[in-house]
Amino acid sequence: MDGFSYHDIFATKGLEYLVIIAFLALLVPFWIVLNKQVKITREIQKALGILSANILRIPQGLFYSRNHTWMYMEKSGAAKVGLDDLLLHITGEVKFNQLRNTGEIISKGDLLTEIDHDGKLLRIYSPVSGEIVDRNSLLEKKPGMLNEDPYGKGWIYKIKPTNWITDAKSCYFAEEATSWSEKELVRFKDFLANTMKNHSPDASMVILQDGGELCDHSLSTLPDEIWKDFQKEFLTLYRLPSPAA
Amino acid sequence: MNNSYQIAADHDGKSIWKFLVSEFKPKGKFLTPFNIISIPIMILGLALIVIRFWKGIGSITNLTQDIPWGLWIGFDVVTGVAFAGGAYVLTFMVYILNMRKYHSIVRVTVLNGFLAYVFYAGALLLDLGRPWNVINPIIGNSFGTSSVLFLVAWHFLLYMIAQLIEFSPAIAEWLGARRARKILSAMTIAAVIFGITLSTLHQSGLGALYLMARDKIHPLWYSEFIPIMFFVSSIFAGLSMVIFEGSISHKVFFNQISEKNHQAQHGIIRGLSKICAGAMFAYFFLQMLVFIHGQNWIWINTPMGYWWLLEMVGFVFLPMLLFFVSYRKNNINMIKVAAILTMLGVILNRLNVTVIGFRWDMAIRYIPSWMELVVTLAVIFTEIWIFRWVINRMPVLRDSPSWVSEK
């Protein structure tokens, strides 16, 4: 081979380092923006008002009861109780009526509170037995907190439980809660299709047979009978026989 | 296409030979626009190949002693193999990284990769003076271990076998061979690992072939890093091919694809576009580094420099940006446009190295003859024919027969 030429390998090193630094500096925003997408899809779905499993917030450390309430044991030994995201997405903006006072003793399955959307009521039963030690006074000033931050500032009561272990056992937790919520969403779709059929004589009103998307706040515009059906189907909490019995 | 499939498991009660003979008969409408265009070209191509072996390579090509490698190597072999890179990337993602989302397109991609190797690497035989000598590096009639071609020859052979093993469960399902399927699918993971190793080596090996042509290739395209560039670009070349081929398959073979996989397609294409964007981002900077390292800015203000800029900006940077934006905006059509631009860019890059930038300073440039083009098209069409034949018979796009999951 003729014509060997010797590159001065240091001639361009400074520039090469600059390019590498530029590459790394650009890679960071490139990667961040590229991966932001998941959130954006969520925002889009939220803006479009589509209710699907991936917009539901399901913190993994809470206990979720069958009647769409959650509870969380604090260090003090009192458990916070609130409403889950799925329920609030289905009902839309609700006001809630404080029915219980501190010091009252309730058992699991007792009426805890009522939520109200334009006079249509849903009764919420307690997922836990115990003594009510506190109620969330913030909700009286800002009822919107319930929908905005259902697992944080939107808690409803603090209850000092008397039978925590048994009550918690009947709840869903972590991944189980996520998959349960997904199933509940599907069940809600079926429920809507059925109940609409029952309550409207017009067959064309039957919806969602093709598995279409749910609207956010689906219940808010529907009549009172359907709210009553929903209460029966989703919010009833049967008292479990205690293991000792 | 066709709507009725053989029930492979029992061959409709026929013997295996009768089943095979019946499967070789064409299915569906014969005079489709694709057939009308492709059949004359394939016949003409076959005639030209006969002439080539009868009268020698100079009779139908514009190749000379100065430029011994032309379109058949530069496009068929070098570009075709880059496009087949989707198979190793996807098998890596699905079997090694366990990204289940992409599982439904693995078979079709592996089939595509396998056929690409058989046909495009097979086109090498058209170029060889005495094609029967292709066996020499394998059987040891002078191995030629000091040549990159030794590596390429062995890798192509081994990789074709590995891909055939990866694909073989589909053949077993077609024939209803339950025991064979069990054994073959147990071999898949080994074949995948072997195949990935081979791919990373020979994608770059094809680039290494051009390392010894340092004085012949334009300095903007020649660097000692060609192998790395070829390897990195094969990632997004292969995935763009998967996006492109997948969108066509989805239209042409729509009746074979289950509802579930139809719905998954959108997410798959979007995921691939993200990988393409990332790989092209890295590739673009690698090209910049090579550019600076070779002090190539002295060439920028020349016609070849403008050509290079077109490739880098128009066919690397722009599609990268398109992949990026369309991933974020969730725009499938824009992803397809980006995939096509990327493929054009890869063709351009490979041809720039192997044909356009090769002996760029010669007074008389090599321009492929029309006959070379026809043969190339004939090779591509034949591959598509075989691809279609397989898709219509074996469970590639459609779900495996029920006995597979029953076990």
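Parameters at a glance
Residues numbered from 1 in each chain as written. Chains lettered and ligands numbered in written order. Predicted model: local features only at pLDDT ≥ 70, side-chain atom pairs only at ≥ 80, totals over all residues. Helix = DSSP H or I, 4+ residues; strand = E, 2+ residues; numbered from the N terminus. Buried ≥ 20, exposed ≤ 12 C-beta atoms within 10 Å, placed from the backbone. Contact = placed C-beta atoms within 7 Å. Pairing = 2+ DSSP bridges. Axes fitted to C-alpha atoms, helices over the stretch in contact; angles between N-to-C directions. pLDDT = per-residue confidence, 0-100. Expected span 1.5 Å × (residues − 1). Bend = angle between axes of the 7 residues up to and from the residue. Core = buried A, V, L, I, M, F, W, Y, C linked by C-beta atoms within 7 Å. Parallel < 35°, antiparallel > 145°, perpendicular 65-115°, else oblique. Left-handed = near helix turned anticlockwise from the far one by under 90°. Nonpolar A, V, L, I, M, F, W, Y, C, P; charged D, E, K, R; others polar.

Chemist: Hey, could you run me through the overall build of chain B in this one?
Modeler: When helices and strands are tallied, chain B shows 16 helices and zero strands. For chain B, the proportion of its 407 residues judged to be buried stands at 40%. Sequence-distant contacts, at least 24 apart, represent 80% of the contacts inside chain B between residues at least 6 apart.

Chemist: In this structure, what is going on with the overall build of chain A? I would like to understand it.
Modeler: Of the regular secondary structure elements, chain A holds seven helices and 12 strands. Among the 245 residues that make up chain A, the fraction classed as buried is 24%. Partitioning the intrachain contacts of chain A with sequence separation of at least 6 by distance along the chain shows that 63% fall at a separation of at least 24.

Chemist: Whenever I open this one, the environment of leucine 46 of chain B confuses me. Can you help?
Modeler: Along the chain, leucine 46 of chain B falls in helix H2 (residues 33–55). In sequence terms leucine 46 of chain B and valine 379 of chain B are 333 residues apart; their C-alpha atoms lie 9.2 Å from each other.

Chemist: When you look at the sheet that holds strand E9 (residues 130–135) of chain A in this model, what are you seeing that I'm missing?
Modeler: Residue and element names in this part refer to chain A. Strand order in this open sheet of seven strands is E6-E9-E10-E4-E3-E2-E11, and the pairing throughout is antiparallel. The open sheet has two free edges, formed respectively by strand E6 (105–106) and strand E11 (172–173), since each of these has just one partner strand. The sheet contact formed by strand E2 (residues 63–64) and E11 spans two bridges and is antiparallel. Looking at E11, one finds that tyrosine 64 is bridged to tyrosine 172.

Chemist: I tried to follow the interface of chain B and chain A on my own but got confused; where do I start?
Modeler: Interface size is commonly expressed as the accessible surface area that is lost when the partners come together. Taken residue by residue, the interface counts 14 residues in chain B and 12 residues in chain A. Among the elements of the structure, helix H12 (259–293) and helix H13 (303–329) of chain B are those that each provide at least two residues to the side of chain B that touches chain A.

Chemist: Which parts of the structure should I look at to understand the environment of phenylalanine 253 of chain B?
Modeler: One can find phenylalanine 253 of chain B in the loop between helix H11 (226–252) and H12. Along the primary structure phenylalanine 253 of chain B and arginine 398 of chain B are separated by 145 residues, whereas in three dimensions their C-alpha atoms are 9.3 Å apart.

Chemist: Could you clarify how one ought to interpret the pairing of strand E8 (residues 120–125) of chain A in this entry?
Modeler: Residue and element names in this part refer to chain A. Bridge count for strand E7 (residues 111–117) against E8 is six bridges, and the pairing is antiparallel. Within the sheet, the bridge partner assigned to threonine 113 lies in E8 and is isoleucine 124. The antiparallel pairing of E7 with E8 creates a hairpin that spans two residues between the two strands, and aspartate 118 there sits at a positive phi of about 50°.

Chemist: Is there a simple way to explain the sheet that holds strand E5 (residues 95–98) of chain A in this structure?
Modeler: Strands in a sheet are paired, the pairing made by backbone hydrogen bonds, and the direction either parallel or antiparallel. Residue and element names in this part refer to chain A. Taken together, three strands build an open sheet; the order of strands is E5-E7-E8 and the sheet is antiparallel. Among the strands making up the open sheet, the edge pair consists of E5 and E8. With direction set aside, neighbouring strand axes in the sheet form an average angle of 30°.

Chemist: Any chance you could explain the confidence of the model for chain A here in plain terms?
Modeler: Do not read the fine detail of predicted coordinates wherever pLDDT is low. Looking at chain A as a whole, the pLDDT averages 79, with 83% of positions reaching at least 70. Across residues 240–245 of chain A, where pLDDT falls below 50, the model places three contacts with residues more than four positions away in sequence or in other chains.

Chemist: Hey, could you run me through H13 of chain B in this one?
Modeler: Counting along an α-helix, one turn takes 3.6 residues, and residues three or four places apart therefore face a common direction. All names here are of chain B. For H13, with 27 residues, the first-to-last C-alpha span of 37 Å sits near the 39 Å given by 1.5 Å per residue. Leucine 318 marks where H13 bends most, by close to 25°; the proline proline 319 follows one to four residues later. Considered for burial, the residues of H13 that qualify are Trp308, Glu311, Phe315, Val316, Pro319, Met320, Leu322, Phe323, Phe324, Ser326 and Tyr327. Where H13 terminates, the next one or two residues include asparagine 330, which has phi positive at roughly 60°.

Chemist: I tried to follow the nonpolar core on my own but got confused; where do I start?
Modeler: Inside soluble globular proteins, nonpolar side chains tend to come together where they are buried. Counting residues in each nonpolar core, the largest one holds 101 residues, and the members touching the most others are Val81, Tyr117, Met280 and Phe323 of chain B. Setting aside anything within four residues of it in sequence, one finds phenylalanine 323 of chain B in contact with Ser273, Cys276, Ala277, Met280, Ile335 and Ala338 of chain B. In this structure, Phe63, Ile124, Tyr172 and Leu237 of chain A belong to the second largest nonpolar core, which totals 35 residues.

Chemist: Honestly, the packing of H11 of chain B against helix H14 (residues 332–356) of chain B in this entry has me stumped. Any pointers?
Modeler: Helix-helix packing is characterised by the crossing angle of the two axes and by the distance between the axes. Residue and element names in this part refer to chain B. Running from N to C, H11 and H14 cross one another at 140°; their axes reach a closest spacing of 9 Å. By the angle between their axes, H11 is oblique relative to H14. At the point where H11 passes H14, the crossing takes the left-handed sense. For the pair H11 and H14, the contacting residues are Ile226, Ser233, Phe236, Ala237, Ser240, Met241, Ile243, Phe244 and Ser247 in the first and Ile335, Lys336, Ala339, Ile340, Thr342, Met343, Val346, Asn349 and Val353 in the second. Here the contact of H11 with H14 is composed, by residue class, of 12 nonpolar, five polar and one charged.

Chemist: What am I meant to see in H2 of chain B here?
Modeler: All names here are of chain B. In this model H2 runs 34 Å from its N-terminal to its C-terminal C-alpha over 23 residues, within 8% of the 33 Å that 1.5 Å per residue would give. Taken together, the buried positions of H2 are occupied by Gly45, Leu48 and Arg52. Close packing links the buried residues of H2 with helix H6 (124–127) and helix H15 (370–393). Following H2 by one or two positions, glycine 56 has its phi on the positive side, about 100°.

Chemist: Could you clarify how one ought to interpret the environment of serine 52 of chain A in this entry?
Modeler: Along the chain, the position of serine 52 of chain A falls in the loop between strand E1 (50–51) and E2. For the pair serine 52 of chain A and leucine 185 of chain A, spaced 133 residues apart in the sequence, the C-alpha separation amounts to 7.7 Å.

Chemist: Can you walk me through unusual backbone geometry in this structure?
Modeler: A negative phi angle characterises most non-glycine residues, just as the trans form characterises most peptide bonds. Its identity is not glycine, yet aspartate 118 of chain A carries a phi of approximately 50°, on the positive side. Relative to the elements of secondary structure, aspartate 118 of chain A occurs in the loop between E7 and E8. Residue class for aspartate 118 of chain A comes out exposed when judged on the 11 C-beta atoms lying within 10 Å of it. Positive phi values are uncommon outside glycine, yet asparagine 98 of chain B reaches one of about 60°. Relative to the helices and strands, asparagine 98 of chain B resides in the loop between helix H4 (86–96) and helix H5 (106–121).

Chemist: Looking at this structure, I do not really get the confidence of the model for chain B. What am I missing?
Modeler: All names here are of chain B. Per-residue confidence for chain B averages 88 on the pLDDT scale, and 96% of its residues sit at or above 70. Scored below 50 in pLDDT, residues 1–9 shows 22 contacts in the model against residues more than four places distant or in partner chains. Overall fold confidence for the complex sits at a pTM of 0.68, while the interface term, ipTM, reaches 0.70.

Chemist: Looking at this structure, how should I read the packing of helix H6 (residues 174–199) of chain A against helix H7 (residues 224–234) of chain A?
Modeler: All names here are of chain A. It is the contact of H6 with H7, at a shortest axis distance of 10 Å, that shows an interaxial angle of 135°. Classified by the angle their axes make, H6 and H7 are oblique. At the point where H6 passes H7, the crossing takes the right-handed sense. Of the residues in H7, those touching H6 at Phe191, Thr195 and His199 are Glu225, Ile226, Asp229 and Glu233. Tallied by class, residues from the contact of H6 with H7 come to two nonpolar, two polar and three charged.

Chemist: Explanation requested: the pairing of strand E10 (residues 157–161) of chain A in the structure shown.
Modeler: A regular strand carries its side chains on alternate faces of the sheet. Residues and elements named next belong to chain A. Burial runs high along E10: four of the five residues are buried. Note that strand E4 (residues 79–83) and E10 share three bridges and pair antiparallel. Note that in E10 the partner of lysine 80 across the bridge is lysine 158. As judged from the five bridges shared by E9 and E10, these two strands associate in the antiparallel manner. Note on E10: the bridge partner recorded for aspartate 134 is lysine 158.

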